[in-house]
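If you want the building blocks of each chain, they are given just below.
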Amino acid sequence: MVLSYYLYKLPYQLLWTVSDIIRKNKEIIFYSEEYLDVIIFQQIQKYLKDLPVYTKNREIQNLLKLYHIESKRIPSFPKAVFMCRHACHKFPDKRILKFGFRHGAYHFKKLTNSKNYNAFTKFL
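Not measured: the values here are computed from a predicted model. (Residues numbered from 1 in each chain as written. Predicted model: local features only at pLDDT ≥ 70, side-chain atom pairs only at ≥ 80, totals over all residues. Heavy atoms only, no water.)

**Student:** Could you give an account of the pattern of salt bridges, with specific residues and numbers?
**Tutor:** Summed over the entire model, instances satisfying the criterion amount to 5 salt bridges. Arginine 85 is paired through a salt bridge with aspartate 37; the nearest N and O atoms lie 2.8 Å apart. Here aspartate 37 lies in helix α2 (residues 35–45) and arginine 85 lies in the loop between β4 (80–83) and β5 (97–100), a separation of 48 residues in the sequence. Judged by relative accessible area, arginine 85 falls into the partly exposed class, the value being 23%. When salt bridges with common partners are traced through the structure, they connect Glu33, Glu34, Lys56 and Lys90 into a single cluster. (Salt bridge = Lys/Arg side-chain N within 4 Å of Asp/Glu carboxyl O. Helix = DSSP H or I, 4+ residues; strand = E, 2+ residues; numbered from the N terminus. Buried < 20%, exposed > 50% of the residue type's maximum accessible area, 1.4 Å probe, protein only.)

**Student:** Any chance you could break down a positive patch on the surface for me, citing the residues and the numbers?
**Tutor:** On the surface, a cluster of positive charge is made up of Lys24, Lys26, Lys49 and Lys79. Structurally, the position occupied by lysine 24 is in the loop between α1 (3–23) and β1 (28–32). (Patch = residues over 30% accessible without salt bridge, like charges linked within 9 Å, V, L, I, M, F, W, Y side chains within 5 Å. Areas by Shrake-Rupley, 256 points an atom, 1.4 Å probe, with all protein chains shown as cover. Lys, Arg positive; Asp, Glu negative; His and termini not counted. Charge placed at Lys NZ, Arg CZ, Asp CG, Glu CD.)

**Student:** Explain the sheet that holds β4 to me, and be specific about the residues and the numbers.
**Tutor:** Pairing within the open sheet is parallel, and its 6 strands lie in the order β3-β2-β1-β4-β5-β6. Of all the strands in the sheet, just β3 (71–73) and β6 (122–123) have a single pairing partner and so form its edges. Packed onto the sheet, α2 meets β1, β2 (53–55) and β4 and runs at close to 135° relative to β1. Docked against the sheet, helix α3 (residues 58–66) engages β1, β2 and β3, running at close to 175° with respect to β3. (Pairing = 2+ DSSP bridges. Contact = heavy atoms within 4.5 Å. Axes fitted to C-alpha atoms, helices over the stretch in contact; angles between N-to-C directions.)

Dropping the structure here:
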């Protein structure tokens, strides 16, 4: 895991718990690290209900807006999250279901450590 996982883990878990008490975390989201992630996920999302898209920063959010894709920025306190990259450290709570996807040219990259795959609930 990256350093931010350890820095944010306890505050995030506290906020997730408070959020769960107040509004019962039922939201299922899609986390987009890059615009390409949304393109990849559209092929899967057509079989699911529409999921809100969350991004890491304003730059990606503005790019998505150019393509008429509404998004919000993290932090988010969902029940489950879909993602195309190893970004489990941005949702550092074991109570959150995390679904990961491999994609395209990613297969030619050096694969990450198996600990990162094990952070996902399911990895496709």
